[in-house]
Amino acid sequence: MRLSTVVLAPALLQGARAFPQGVQSSATAPSITISTAVASPSAPLSSALPSQVSLPPTQAWCPSKIFCAGALLQTVNLAEAFVDSKTFVDKPTSKSSQQVLSDFAAINNSSVTEGDIVKFVDNDFRGEGLELAAVALADFNAEPAFLKNVSDPLVKAFSQTVHGFWTQLIRETNHTALCAEGTESGDCESSLIPLNHTFVVPGGRFREQYYWDSFWIVQGLIQSELFSIVNDTLQNFMDEIENFGFIPNGGRIYYLDRSQPPLFIHMLADYVAASNDTSILKRALPLAEAELKWWADNRTLNVTSPFTNKTYALTRYAVNNSAPRPESYLEDYLTANDPTLPALTEEQRSDLYAELATGAESGWDYSSRWMSEPLTGGNPSLRSLGLRKTLPVDLNSILYKAHTLLADFYDTQGQNKSSASTHRNIAASIRAGILDLFWDASKLAFYDFNLTSNARNSVYTTANYYPLWNGIIPDELLSSSNNAFGFFATLNMVLNRYNGTHPVTFLETGQQWDAPNAWPPHQHIALEALRALPTNVTLGALPTPASDKSSFDLIPSGQIGVDESALPGQFVISTGANATKTGPEADINKVNGTVFNGGNAKDGEGWAAALQRELANRYVASALCSWHATGGQIPNLLPRLSDQELNVTQSVNNTGNMFEKFSVSDIDSAGRGGEYTVQAGFGWTNGVLLWVASTYGDVLVAPQCPDLLEQAQPAPTSQSHKNAAAAAVFGSSSFTVFLAGAVAALLTL
């Protein structure tokens, strides 16, 4: 049975730790420490290296004999000297290229051991990331104007704290440690692409500038009024377009075979709108043209619709690559040469390497979205990747908006009317193609188009929201409030059923771009998609399911392609088990006209506004609770948790993590899965938090976070014990006093 009062309903979900209320704290930024990894293979140093398959072809786009595909890179990776393959290729050499290659040749024989490789790396390479330097923010304002939009004292203080994190993530090229370009001269060699301007790094292993991460970083920088850093970011991208003809995935030479979702023009438009700096357009517009031309020339093809027989020029991700990615060399190598799977031919290995690199170009590396056999798990599912035969709805939506924005720039500048017209025509064709090939009017959702089957894929993903975010709204949604809600009914189900935010998919494959992971950019995009709807279809109240049904029943038939009973589970602390998956009891977060940790319902609130309020609050809850659970604190307002509590998250010596991804079911933790450990920092997480705080500050309230000690307890063995545990957490006078105080505080805001 669902408990219905505001005090007790959360007990069905979890214990809660109460956040005290108080005055706003000032943002402070801890000093930056750059640590480097020491080679430490898991095998004994005397062990011989495992046998190798033949070397992949040399990649023309990556000629380094040290940091690109070749004998040295393959041998070092097979020694497994580092937990993360990226560590090695981010280490500049301490000697000339010729000397490093000579030293490697001296040990590269059939008797080479783990110890030989460790000694070689220690003697010939320096610390990873030392070519970059932290830099002070001269124009940093501790109290940007957006904070005035935030009513709740704790949320305001947390937002101000996150605003201060930019000072930890600003970098510039360390010219004193820079190696000469090329591999044939100089005292050392590095994989870094030197940048001329400062930039923000995502954090963790991502220690250089990245392309699509920067869009959400820019959203936050704009709220933080750090316009000079946004300008620098754009200048770096323009330098890369001039030098390479496109914007690489990231700032390393091993990324020069691929780009990422093309959001440069989006960033440019947001910067100009926020800063009124139109002077940048003189340089930017020709380079924006060059970037779009690169995508047209290298990633675009003509596709004839099986539905209308019309032909459109649409774009896909497709990387020309026939070797393991240097930054993930071992992972790719093992995927292609897994001894438990059928052996691949050289051609099959090359195709697989191309698919793996293409997945990285998409930003979604990896997801069931791209797989023909997603549920086989691990290497078998990765071997079924088919990105180059997939037209992605998100990529084409981004390009539609890019052409539209470029046309708008020409119009506002009063110049180049011919180019403006050209871009509007291209945008119109892309829009028509999206609505023809990707839109399923019966399911009220967008799906990728599969070029192999000549049909839409059936996997539902958060890419569904990209068209609306970019200004493409199907007529079915514009003409019907019921249909408009149906498009977002899955989001409504997530908020009622789960503790966190919208997962990428509803398939649990072990890949990081699948359930249970919920990524910050997608929450921003879903919110923007809701904001894109006209008010005439969003004013009605949130629909409710029949009394014997859950919110799943409101989702259009077939939309998410998963039966209700097959959805990911939501663990309930007080019962020690997952919540029921069907019927009204599945909506364990439904409470008093809203959802748990969804803010406070308002009289006359339309359904779209309600979903925005709920999702915005959930995002704050995910970011704040996981940060606090890993050691975060705000002086005089949010005390640090006890060592006993922090031991649950292994964070006794930590000061709080802003994670790159979250969990749909546990707001005290990060997401999981994929080929590297979860990263903290984190650029786009911070950017989305600041955007949410600025945009929804008047409806955000302090979240209630899971009790870490309650989570660590063994599961109860009887119903009486379950009830006792719930009463112990939620029936205490201290919790009731906190809740009453919180409500009183809200009433005075």
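Fair warning: this is a prediction, and the values are worked out from it, not measured in the lab.

So, the overall build of the protein
Of the regular secondary structure elements, the protein holds 25 helices and 16 strands. Relative to its full complement of 749 residues, the protein shows a buried share of 60%. A sequence separation of at least 24 residues applies to 75% of the contacts in the protein between residues at least 6 apart. Element-wise, carbon and sulfur atoms account for 51% of the exposed surface of the protein, whose accessible area totals about 27,400 Å².

As for helix H22 (residues 683–696)
The end-to-end C-alpha distance of H22, which contains 14 residues, comes to 20 Å, matching closely the 20 Å that a straight helix rising 1.5 Å per residue would cover. Taken across its 14 residues, H22 has 13 buried, putting it largely inside the fold.

As for the side chain of Glu 645
Structurally, the position occupied by Glu 645 is in helix H21 (residues 643–648). Since its relative accessible area comes to 15%, Glu 645 is described here as buried. In this structure Glu 645 touches Leu 708 and Leu 709, once residues within four positions along its chain are discounted.

Section: the packing of helix H18 (residues 481–497) against helix H20 (residues 607–629)
Where H18 contacts H20, the two axes come as close as 11 Å, and the packing angle between them is 25°. Regarding the angle of H18 to H20, the classification is roughly parallel. The two elements H18 and H20 cross, and the hand of that crossing is left-handed. Along the contact surface, H18 presents Ser 481, Ala 484, Phe 485, Phe 488, Leu 491, Asn 492, Val 494 and Leu 495, while H20 presents Trp 607, Leu 611, Glu 614, Leu 615 and Arg 618. Here the contact of H18 with H20 is built from residues that sort into nine nonpolar, two polar and two charged.

A closer look at the packing of helix H3 (residues 97–107) against helix H4 (residues 114–124)
For the pair H3 and H4, the least separation of the axes is 11 Å and the interaxial angle reads 165°. Taken together, the axes of H3 and H4 lie roughly antiparallel to each other. Every pair of crossing elements has a handedness; the one defined by H3 and H4 is right-handed. Here Gln 99, Val 100, Asp 103, Phe 104 and Ile 107 of H3 come into contact with H4, specifically with Asp 116, Ile 117, Phe 120 and Asp 124. In terms of residue class, the contact of H3 with H4 is built from five nonpolar, one polar and three charged.

With respect to the nonpolar core
A general tendency of soluble globular proteins is for nonpolar side chains to be buried together. Counting 194 residues, the largest nonpolar core has Phe 264, Phe 488 and Val 692 as its most contacted members. Here Phe 264 is in contact with Tyr 211, Leu 234, Phe 237, Met 238, Ile 241, Ile 247, Ala 284, Ala 288 and Glu 291, once residues within four sequence places are set aside.

Some thoughts on unusual backbone geometry
Most peptide bonds adopt trans geometry, and most residues besides glycine take a negative phi value. Cis geometry is found at the peptide bond from Asp 365 to Tyr 366, where omega equals 10°. Cis geometry is adopted by the peptide bond preceding Pro 516, which originates at Ala 515 and carries an omega value of 10°. Within the secondary structure layout, Pro 516 lies in the loop between H18 and strand E11 (517–518). Not every positive phi belongs to a glycine, and Leu 444 is a case in point at roughly 55°. Tracing the backbone through its elements, the reader meets Leu 444 in the loop between strand E7 (439–440) and strand E8 (445–446). With a phi angle near 50°, Asn 592 is a residue other than glycine that sits in the positive phi range. If you trace the backbone, Asn 592 turns up in the loop between strand E14 (590–591) and strand E15 (594–595).

Quick notes on the sheet that holds strand E1 (residues 132–134)
Strand order in the open sheet formed by three strands is E1-E2-E3, and the pairing between neighbours is antiparallel. Across the chains shown, the open sheet's two edge strands, defined by having one partner strand only, are E1 and strand E3 (199–200).

Remarks on the pairing of strand E5 (residues 311–315)
With five bridges connecting them, strand E4 (residues 300–304) and E5 associate as antiparallel partners. Considered in E5, the bridge of Asn 302 is made with Ala 313.

Re the packing of aromatic side chains
Applying the stated criterion across every chain yields a total of 40 aromatic pairs. With centroids separated by 6.4 Å and ring planes inclined at 80°, the aromatic side chains of Phe 307 and Phe 449 adopt a geometry described as edge-to-face. With Phe 307 in the loop between E4 and E5 and Phe 449 in strand E9 (residues 449–450), this residue pair connects regions lying 142 residues apart in the sequence. Summarising the aromatic geometry, the rings of Trp 513 and Trp 519 are spaced 3.8 Å apart at their centres and angled 5° between planes, so their arrangement reads as stacked. Given a relative accessible area of 2%, Trp 513 falls into the buried group. According to the relative accessible area criterion, Trp 519 is buried, its value standing at 1%. Lying over the aromatic face of Tyr 447, Lys 443 brings its terminal NZ or CZ to 5.3 Å of the ring centre. The ring of Phe 307 has Arg 456 lying over it, and the distance from NZ or CZ to the ring centre is 4.2 Å.

Focus on the confidence of the model for the protein
Looking at the protein as a whole, the pLDDT averages 89, with 89% of positions reaching at least 70. Contacts of residues 20–31 to residues separated by more than four positions or lying in other chains number 26 contacts, the stretch itself having pLDDT below 50. Contacts from residues 717–749, a stretch scored under 50 in pLDDT, to residues over four places away or in other chains number 35 contacts.

Notes on the sheet that holds strand E6 (residues 390–391)
The strand order across the open sheet built from three strands is E6-E9-E10, with neighbouring strands paired in antiparallel fashion. Pairing within the sheet leaves two strands with one partner each, and these edge strands are E6 and strand E10 (455–456). Two elements, E6 and E9, share two bridges in a ladder whose sense is antiparallel. Its bridge partner being in E9, Leu 391 is matched across the sheet by Phe 449.

Structural notes on the pattern of salt bridges
Scanning the entire structure with this criterion turns up 29 salt bridges. Across the pair Asp 84 and Arg 205 runs a salt bridge whose closest N-O atoms are separated by 2.6 Å. With Asp 84 in the loop between helix H1 (71–78) and helix H2 (85–89) and Arg 205 in the loop between E3 and helix H7 (213–223), this residue pair connects regions lying 121 residues apart in the sequence. Arg 205 matches Asp 84 in its accessibility class, with the two residues each being buried. Between Asp 448 and Arg 369 there is a salt bridge, with its nearest N and O atoms 2.5 Å apart. Here Asp 448 is found in the loop between E8 and E9, whereas its partner Arg 369 is found in the loop between helix H12 (346–362) and helix H13 (378–382), with 79 residues between them in sequence. Side by side, Asp 448 and Arg 369 carry an identical accessibility label, which is buried. The structure contains a network of salt bridges with shared partners spanning Lys 86, Asp 90, Glu 131, Arg 207, Glu 208 and Arg 252.

The rules behind the values
- Residues numbered from 1 in each chain as written.
- Predicted model: local features only at pLDDT ≥ 70, side-chain atom pairs only at ≥ 80, totals over all residues.
- Heavy atoms only, no water.
- Helix = DSSP H or I, 4+ residues; strand = E, 2+ residues; numbered from the N terminus.
- Buried < 20%, exposed > 50% of the residue type's maximum accessible area, 1.4 Å probe, protein only.
- Contact = heavy atoms within 4.5 Å.
- Areas by Shrake-Rupley, 256 points an atom, 1.4 Å probe, with all protein chains shown as cover.
- Expected span 1.5 Å × (residues − 1).
- Axes fitted to C-alpha atoms, helices over the stretch in contact; angles between N-to-C directions.
- Parallel < 35°, antiparallel > 145°, perpendicular 65-115°, else oblique.
- Left-handed = near helix turned anticlockwise from the far one by under 90°.
- Nonpolar A, V, L, I, M, F, W, Y, C, P; charged D, E, K, R; others polar.
- Core = buried A, V, L, I, M, F, W, Y, C linked by side-chain atoms within 4.5 Å.
- Pairing = 2+ DSSP bridges.
- Phe/Tyr/Trp six-rings, centres within 6.5 Å; stacked < 30°, edge-to-face > 60°.
- Lys NZ or Arg CZ within 6 Å of the ring centre and 35° of its normal.
- pLDDT = per-residue confidence, 0-100.
- Salt bridge = Lys/Arg side-chain N within 4 Å of Asp/Glu carboxyl O.

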